[in-house]
Amino acid sequence: MKVVTGAEMKEIDRYTIEEVGISGLVLMENAGREVAQAAVELLDDLKGSMVIVLAGRGNNGGDGFVVSRLLIEQGFEVKTILLGKKEDISGDAKVNLEILGKLEAKVWEISSKEEVLELKLLLDKADLIVDALLGTGIKGELRGLYPEVITLVNNSPTAVIAVDIPSGIEADTGRVVDTAIEADETITFALPKIGNILYPGADFVGDLKVVDIGIPQMVITKQEFKIDLITSKLVNYLLPIRAADSHKGSYGKLLLVAGSTGMTGAATLATQASLKIGAGLVTLGVPRSLNPILEIKLTEAMTYPLGESKEGILSRESVIEIKKLLNDRDVLAIGPGLTANDEIGYIVNHLLEKTDKPVVVDADGLNVIYDLNILKGRTAPTVLTPHPGELSRLINQPIEAIRVNSIEIAKDFAREYNVILVLKGARTIIATPQGEIYVNSTGNSGMATGGSGDVLTGLISGLLAQGIDGRSATIIGVYLHGLAADLAAEELTEYSLLPSDIIDYLPQALRTVMSDE
Ligand SMILES: NC(=O)C1=CN([C@@H]2O[C@H](COP(=O)(O)OP(=O)(O)OC[C@H]3O[C@@H](n4cnc5c(N)ncnc54)[C@H](O)[C@@H]3O)[C@@H](O)[C@H]2O)[C@@H](O)CC1
Ligand SMILES: [K+]
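Given the structure is predicted, the values throughout are model-derived calculations rather than measurements. (Residues numbered from 1 in each chain as written. Chains lettered and ligands numbered in written order. Predicted model: local features only at pLDDT ≥ 70, side-chain atom pairs only at ≥ 80, totals over all residues. Heavy atoms only, no water.)

Enquirer: So, the UniProt feature "domain: YjeF N-terminal" (unreviewed entry) in the chain: which residues are in play, and what are the values?
Expert: As recorded in UniProt, the sites labelled "domain: YjeF N-terminal" (unreviewed entry) are residues 9–221. With 44% helix and 16% strand, residues 9–221 has its two end C-alpha atoms placed 13 Å apart. (UniProt positions renumbered as here; feature names shortened; annotations may be inferred. Helix = DSSP H or I, 4+ residues; strand = E, 2+ residues; numbered from the N terminus.)

Listed below in structure tokens is the structure:
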């Protein structure tokens, strides 16, 4: 499913209205009807319930006026509050405001702090608040009385439905401009906005419902949006069918280079995950002195003892053995638990330059890439899986800049360096060299435990080993990683979720996806 910026949505609306000829009033009516219906459901159709519609001065407010009218018609007690003056309203919103007037439905104007304070009692007493203050048209810091009203709504115990996007969230980024409405439910029109999906915005949205307001499918497919939300259906579509007459050679050979003293767990988790996702043959290359431990920890994988500089850390010379092993392997994954020093740096950079096979680089592997330019000339896919801290080191920019502008930064990086970037976070973002962006929709806070990333590396490299292309392997890997964690957390809670549980719940995640056609 596509995810759009405010500007992209505006263009869809414009095209529908101007080029197709469906009037803005029709779209507004449909939008209002969907919200009104959600309100009725939330109120259990209890006629006489009191609903406060908070309307802003733009078209989001216009949707609110439609909601008011439709709820009044259905027998609810509705109070419509306009944050501003009636004479400030124009266009389709004005038409709907005037309709309310003709139907003798009162609209209260609020334009002073005193009036805002009077609102408190009403908000607390109501059964539902409809937030139609600000939609995709929000620009810059909140002005006027918006911060006060939003705070009042958030301090009231009354349930809130947000129209299109909770007011105060920047539609293009998910940034909370100042403060934002904490909604119980958000009804968004035609397509989710980025601000509904990315954090911190996503925290304010509550249950997100994407509803049809009559924008023709053709208008949506015509647009060249670059951002997709990863859904179960997409993953189902990308997952290849396993042939009945296959053998272990059909599912590829993976070489994982991971682990050092104190970090055999990272190597174990990555290896187990790659096997559990279906890689045919997995070899784990580890510092020699750790080999006996990993022989015990791992049953299905082969292990290979590599040269060490000191006990439990790979030596620069081990790169020769790694290259030999790689001759007979399809994919290399390198990084988990390696420790970051010059010798590891030599190995990682040398392999990135000299190997023409798909490579996944994670963790310490990322911390030792000295010159990103070596990635530009690689012919096979390169997948980098940093969290914001690792990306910040790679591109020499503050973490905060990455958090605020994650999509643009990921997109530029993937294009410039010819990599598939997996920027890990509460909403993991995948950026491809072609400029596509995929935003993940699964996962939970229980994954914020050391070792989760190692599992992801194993999943992505295990999928690549099976011959799945780089873009699909990362999409499938990222989604299943989060979904397995979600399923695990349902039983184990987010507190007790361990990375190894993600591996244990992978079959359930796969089954869930495979049954969603
Ligand atoms: N024809 C269309 O374009 C449709 C639009 N729809 C609705 O219209 C919304 C977009 O409408 P608009 O583009 O009019 O924009 P909004 O209604 O989201 O906001 C614009 C209004 O908010 C004020 N404002 C903006 N930033 C502010 C800030 N930081 N502090 C205080 N006030 C601020 C502006 O002065 C303006 O009055 C969508 O979210 C959706 O709800 C739907 O009705 C469907 C059709
Ligand atoms: K809103």
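Enquirer: Can you lay out the pairing of strand β5 (residues 159–163) for me, pointing to particular residues and giving the numbers?
Expert: Remember that side chains alternate between the two faces of the sheet whenever the strand is regular. Taken across its five residues, β5 has five buried, putting it largely inside the fold. Both strand β4 (residues 128–132) and β5 contribute to a ladder of four bridges, which runs parallel. When the sheet's bridge partners are listed, I129 is paired in β5 with V160. Note that the unit made of β4, helix α6 (residues 146–155) and β5 has a crossover that is right-handed. Bridge count between β5 and strand β6 (residues 185–189): three bridges; the pairing is parallel. (Buried < 20%, exposed > 50% of the residue type's maximum accessible area, 1.4 Å probe, protein only. Pairing = 2+ DSSP bridges. Right-handed = clockwise from strand over helix to strand, strands pointing away.)

Enquirer: Describe in detail the coordination of the potassium ion (ligand 2), supporting the description with residues and values.
Expert: Surrounding the potassium ion (ligand 2) are the protein donor atoms N60 (OD1), D131 (O), L134 (O), V163 (O), I165 (O) and S167 (OG), at 2.6 to 3.1 Å. Geometry at the potassium ion (ligand 2) is irregular, judged from the six donor atoms that bind it and their angles of 66 to 174° at the metal. (Donors = N, O, S within 2.8 Å, 3.2 Å for Na, K, Ca; no water. Tetrahedral: all angles 85-135°; square planar, octahedral: opposite > 155°, others 65-115°.)

Enquirer: Residue-level account of the packing of helix α13 (residues 318–327) against helix α14 (residues 342–354), with values.
Expert: Following both chains from N to C, one finds α13 and α14 inclined at 35°, their axes separated by 10 Å at the closest point. At the point where α13 passes α14, the crossing takes the right-handed sense. Residue-level contacts link S318, V319, I322 and K323 of α13 to Y346, I347, H350, L351 and K354 of α14. Classifying every residue of the contact of α13 with α14 by side-chain character gives five nonpolar, two polar and two charged. (Axes fitted to C-alpha atoms, helices over the stretch in contact; angles between N-to-C directions. Left-handed = near helix turned anticlockwise from the far one by under 90°. Contact = heavy atoms within 4.5 Å. Nonpolar A, V, L, I, M, F, W, Y, C, P; charged D, E, K, R; others polar.)

Enquirer: Which residues make up unusual backbone geometry, and what are the values?
Expert: A cis geometry characterises the amide bond from Y199 onward to P200, with omega recorded as 5°. One non-glycine residue, T339, lies in the positive phi region at around 70°. Mapped onto the elements, T339 comes out in the loop between β14 (331–334) and α14. Even without being glycine, T493 reaches a positive phi, approximately 75°. Counting through the fold element by element, T493 comes out in helix α20 (residues 470–496).

Enquirer: Give me the lowdown on the nonpolar core, citing residues and values where you can.
Expert: Formed by 57 residues in total, the largest nonpolar core has its most connected members in L284, I430, I476 and L480. Leaving out residues up to four positions away in the same chain, L284 has contacts with L256, A258, A267, T271, L294, L298, M302, T303 and Y304. Counting 48 residues, the second largest nonpolar core, distinct from the first, contains I197, V257, L338 and I409. (Core = buried A, V, L, I, M, F, W, Y, C linked by side-chain atoms within 4.5 Å.)

Enquirer: I'd love a proper account of the UniProt feature "domain: YjeF C-terminal" (unreviewed entry) in the chain, names of residues and values included.
Expert: Mapped onto this numbering, the UniProt entry gives "domain: YjeF C-terminal" (unreviewed entry) at residues 231–513. Helix makes up 48% of residues 231–513 and strand 15%, with an end-to-end C-alpha separation of 9 Å.

Enquirer: Lay out α6 in plain terms, naming residues and giving numbers.
Expert: By the criterion of burial, α6 is predominantly enclosed, with seven of the 10 residues buried. Y146, P147, V149, I150, L152, V153 and N154 are the residues of α6 that are buried. Buried residues along α6 sit in contact with β1 (50–55), α5 (113–125), β4 and β5.

Enquirer: Please provide a residue-by-residue account of the pairing of β4, values included.
Expert: The buried count for β4 comes to five of five residues, which makes it a mostly enclosed element. Residues of β4 alternate between two faces, with L128, V130 and A132 on one and I129 and D131 on the opposite face, all of them buried. Bridge analysis of β1 against β4 gives five bridges, and the strand direction is parallel. Each residue of the ladder has a partner; that of I52, found in β4, is I129.

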